[in-house]
Amino acid sequence: MLPKPLQELQQIFEKFPGIGPRQASRFSFFLLKQPPEELERMADAIKSLTKEVGLCNTCYLPASGSTSCVVCSDNKRDNSIIYIVEKESDAIAMEDAKMFNGTYLVLGENISPIGKSDAAKERLRTFLKKVKNENNIKEVVLALNNTREGNFTTMYIEEMFKKNIEGAEVKLTRLGRGLSTGSELEYADEETLRNAFENRR
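1. Let's talk about the nonpolar core
Next, step 1: The biggest cluster of nonpolar side chains holds 38 residues, and the ones touching the most others in it are Tyr 104, Phe 127 and Phe 161.
Next, step 2: Those elements that provide at least two residues to this core are strand E3 (81–85), helix H4 (88–97), strand E4 (103–106), helix H5 (118–133), strand E5 (139–142) and helix H6 (148–164).
Next, step 3: Here Tyr 104 is in contact with Cys 59, Leu 61, Val 71, Arg 77, Ile 82, Tyr 83, Val 85, Ala 91, Met 94 and Glu 95, once residues within four sequence places are set aside.

Quick look at the structure:
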């Protein structure tokens, strides 16, 4: 019934996290009603993602090109404390709270007990080598979501630390009370994040 471009657009939107067929259909019809110049602007923004935006080669946050992000290139940041988060939006939520002065490691996904999670595991392996070989890292905070998947990832990282960072003077902590079970960092308010950080253990 629908023209092929609309069908293809809907299929693309359905690949977005948390977007089902109905929402994808709404997005498609919304775009259909936009003026041509607005669609051109959106298309240019999408094209520029592949040309102008990459991942930081240290923490994997978005960066101009593929060098260092604004966090890692800021010499005022405390490089001795690193927050491990699941996704970029978690780090952005912490930055918006303006109470964290460390740097980040973005896993990109939770580590699954049944799936491969190859990308996250590779980032973690690279990070563990860095922690082991550099003396400036004093604390690693597991700032992961208080969900079943996030808690498994936390336990996995703790186990990997025991196996790989034995004897190193690095404090491994996790966010404390403040985040209710099932909650995600990107939706937490500033006070909740502050409590979770101050009560880390």
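2. Remarks on the pattern of salt bridges
Next, step 1: Scanning the entire structure with this criterion turns up six salt bridges.
Next, step 2: Notably, a salt bridge pairs Glu 38 with Arg 41, separated by 3.0 Å at the nearest N-O pair. One end of the pair, Glu 38, and the other, Arg 41, are both in helix H3 (residues 36–52), three residues apart, so they sit about a helical turn from each other.
Next, step 3: A single salt-bridge network, built from bridges that share partners, covers Glu 86, Lys 87 and Asp 90.

3. Section: the packing of H5 against H6
Next, step 1: It is the contact of H5 with H6, at a shortest axis distance of 11 Å, that shows an interaxial angle of 40 degrees. Taken together, H5 and H6 sit at an angle that is classed as oblique. When you trace H5 past H6, the crossing you get is right-handed. Judged by residue contacts, Lys 121, Leu 124, Phe 127, Leu 128, Val 131 and Lys 132 of H5 engage Tyr 156, Ile 157, Met 160, Phe 161 and Asn 164 from H6.
Next, step 2: The class makeup of the residues in the contact of H5 with H6 is eight nonpolar, one polar and two charged.

4. Concerning a nonpolar patch on the surface
Next, step 1: A grouping of Ile 46, Leu 49 and Val 53 is seen on the molecular surface, where their side chains present a nonpolar patch of about 280 Å² in accessible area.
Next, step 2: For Ile 46, the location among the structural elements is in helix H3.

5. Describing the sheet that holds E4
Next, step 1: What the four strands build is an open sheet, ordered E4-E3-E5-E6; its pairing is parallel. With one partner strand each, in any of the chains shown, E4 and strand E6 (171–174) form the two edges of the open sheet. Neighbouring strand axes in the sheet, compared pairwise and without regard to direction, differ in orientation by 25 degrees on average.
Next, step 2: By the bridge criterion, four bridges tie E3 to E5 in an arrangement that is parallel. Within E5, the position partnered with Ile 84 by the bridge is Leu 142.
Next, step 3: Each of E3, E4 and E5 touches H5; the most contacted strand, E4, lies at about 140 degrees to it.
Next, step 4: Of the strands in this sheet, E3, E5 and E6 touch H6, which is tilted by about 170 degrees from E6.

Calculation rules
- Residues numbered from 1 in each chain as written.
- Predicted model: local features only at pLDDT ≥ 70, side-chain atom pairs only at ≥ 80, totals over all residues.
- Heavy atoms only, no water.
- Core = buried A, V, L, I, M, F, W, Y, C linked by side-chain atoms within 4.5 Å.
- Buried < 20%, exposed > 50% of the residue type's maximum accessible area, 1.4 Å probe, protein only.
- Helix = DSSP H or I, 4+ residues; strand = E, 2+ residues; numbered from the N terminus.
- Contact = heavy atoms within 4.5 Å.
- Salt bridge = Lys/Arg side-chain N within 4 Å of Asp/Glu carboxyl O.
- Axes fitted to C-alpha atoms, helices over the stretch in contact; angles between N-to-C directions.
- Parallel < 35°, antiparallel > 145°, perpendicular 65-115°, else oblique.
- Left-handed = near helix turned anticlockwise from the far one by under 90°.
- Nonpolar A, V, L, I, M, F, W, Y, C, P; charged D, E, K, R; others polar.
- Patch = residues over 30% accessible without salt bridge, like charges linked within 9 Å, V, L, I, M, F, W, Y side chains within 5 Å.
- Areas by Shrake-Rupley, 256 points an atom, 1.4 Å probe, with all protein chains shown as cover.
- Pairing = 2+ DSSP bridges.

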